Amino acid sequence: MVSAILVAGLAYGLGNPQSEVMLLGAATGALVLGMVYFIINYFIYRKIKKIYKTICSTKAIVGSEGSYLLNEDPIGQVYDEVQQWSKEQTSKKEEADQLEKYRKDFLGNVSHELKTPIFNIQGYIHTLLDGAMDDPEASLNFLKKAARSADRMEALVKDLLIISELESGSVKMDWENFDLQELLQDVFDSVDHKARQRSIQIQVKAGCRAPFMVRADRKKIRQVLVNLLSNSIYYGNDHGLTQVGVYDMDRQFLVEISDNGLGIDAEHLSRLFERFYRVDKGRSRSEGGTGLGLAIVKHMLEVHGQTIHVRSSVGVGSTFGFTLDKPNA
Ligand SMILES: Nc1ncnc2c1ncn2[C@@H]1O[C@H](COP(=O)(O)OP(=O)(O)O)[C@@H](O)[C@H]1O
Ligand SMILES: [Mg+2]
């Protein structure tokens, strides 16, 4: 551009000797313009390029020299990149804030859950030491209560260990083919005592009694079934009924656990699988749930690539359902 102005100026000057002054002016102007252009291009552009290179290397992108090339509009390009970078940092910060909140909530919940049984045990022991020990009946009563609180603490710590393993992402899967029907009988036996205490009957639905071969981690699915059946007892009515249905769905089996207990209001359904979420906080604590049962169920099914759903109606009952793959699915 500068040389074009110079050539035009010279041509005009040569053709018209009276305009020597103008020619000189034009030449000086063009020279100044040229110098400015050169300074911008050489120094500022090089500086921007250097800054840009630094940004690229701090972003730790393994790239070739080519990735440091700027286009015709270096300022615009750097501006866009900085905008993009700032957006990424904002979303990273939001993520970090969310994690921090999650961590704080979790710690708060764990402390709160542990506080109750610890205070109870402390109370019973002090009462015994303060004289109740002399009364054999009172002693037995307080010791039984202290033992229940200790069991609650153990259950909570066990569930916390399970959930932290599941959430760490390093969970080991022990895949095997097994008969779900057999596993159900085993789980029925293990919750039988609890069910009897409330006269709740647990059975496999009529028509769902064939062997059902599935491919899964047996121990984990056992835990899923224990948690769901325990809930159907905790939140069932005395003399109630819990039924397990297994349905053939081509490449999978659908397992449904239904009770005719308290039921759950629709407003709670979406939060039911969150850690420590309880519909009726007072009741569930006194009944002994850790508040982690359904969160564990959800995680355990997710590591199988499966999901869980729930239907419920207050006063009618609840149905929890999940799928399991057949072998070779
Ligand atoms: N079968 C059910 N019927 C009614 N409510 C249920 C049932 N299963 C779970 N819930 C509700 O979901 C909440 C969360 O369950 P869970 O994660 O197992 O914790 P916990 O049983 O220890 O309270 C329970 O506190 C209860 O309010
Ligand atoms: Mg539970």
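Computed from a predicted structure; not experimentally measured.

How each quantity is defined
Residues numbered from 1 in each chain as written. Chains lettered and ligands numbered in written order. Predicted model: local features only at pLDDT ≥ 70, side-chain atom pairs only at ≥ 80, totals over all residues. Heavy atoms only, no water. pLDDT = per-residue confidence, 0-100. Helix = DSSP H or I, 4+ residues; strand = E, 2+ residues; numbered from the N terminus. Phe/Tyr/Trp six-rings, centres within 6.5 Å; stacked < 30°, edge-to-face > 60°. Buried < 20%, exposed > 50% of the residue type's maximum accessible area, 1.4 Å probe, protein only. Lys NZ or Arg CZ within 6 Å of the ring centre and 35° of its normal. Expected span 1.5 Å × (residues − 1). Contact = heavy atoms within 4.5 Å. Polar contact = N/O pair within 3.5 Å; in protein donor to acceptor, adjacent residues only side chain to side chain. Core = buried A, V, L, I, M, F, W, Y, C linked by side-chain atoms within 4.5 Å. Domains from an automatic or database assignment.

The next thing to look at is the confidence of the model for the protein. On average, the protein scores 87 in pLDDT, and the residues at 70 or more come to 87%. Confidence scores differ between elements of the protein, with helix H1 (residues 2-15) showing the lowest mean pLDDT of 51 and strand S7 (residues 317-325) the highest of 98.

A separate point is the packing of aromatic side chains. As enumerated under the stated definition, the model contains five aromatic pairs in all. Summarising the aromatic geometry, the rings of Tyr-124 and Phe-142 are spaced 5.9 Å apart at their centres and angled 35° between planes, so their arrangement reads as tilted. Placement of the pair is Tyr-124 in helix H3 (residues 74-129) and Phe-142 in helix H4 (residues 136-168), with a sequence separation of 18 residues. A residue is classified by how much of its surface remains accessible, and Tyr-124, at 18% relative accessible area, is buried. Where Tyr-234 meets Tyr-235, the ring centres are 5.8 Å apart and the plane angle is 70°; that geometry is what we call edge-to-face. Residue classification places Tyr-234 among the buried residues on the basis of a relative accessible area of 18%. Positioned above the aromatic ring of Phe-178, the side-chain terminus of Arg-218 is 5.8 Å from the ring centre.

Moving on, we come to H4. Taking 1.5 Å of rise per residue, 33 residues should cover 48 Å, and H4 covers 48 Å from first to last C-alpha, within 8% of that figure. Listing the buried residues of H4 in full gives Ala-138, Ser-139, Phe-142, Ala-146, Ser-149, Leu-156, Asp-159, Leu-160, Ile-162, Ile-163 and Leu-166. If you follow the buried residues of H4, they end up packed against H3, helix H6 (218-234) and helix H9 (293-302). N-capping of H4 is provided by Asp-135, with a side-chain oxygen placed 3.0 Å from the backbone N of Glu-137.

With that settled, the discussion passes to the nonpolar core. If you look at the biggest cluster of nonpolar residues, it comprises 51 residues, and the most contacted ones within it are Leu-180, Ile-221, Leu-225, Leu-228, Phe-320 and Phe-322. There are two domains that each give this core at least three residues, and those are domain 2 (98-168) and domain 3 (175-325). Leu-180 has contacts with Phe-212, Ile-221, Val-246, Val-255 and Leu-324, leaving out every residue within four places of it along the chain. One finds Tyr-124, Leu-128, Ala-132 and Phe-142 within the second-largest nonpolar core, a separate group that totals six residues.

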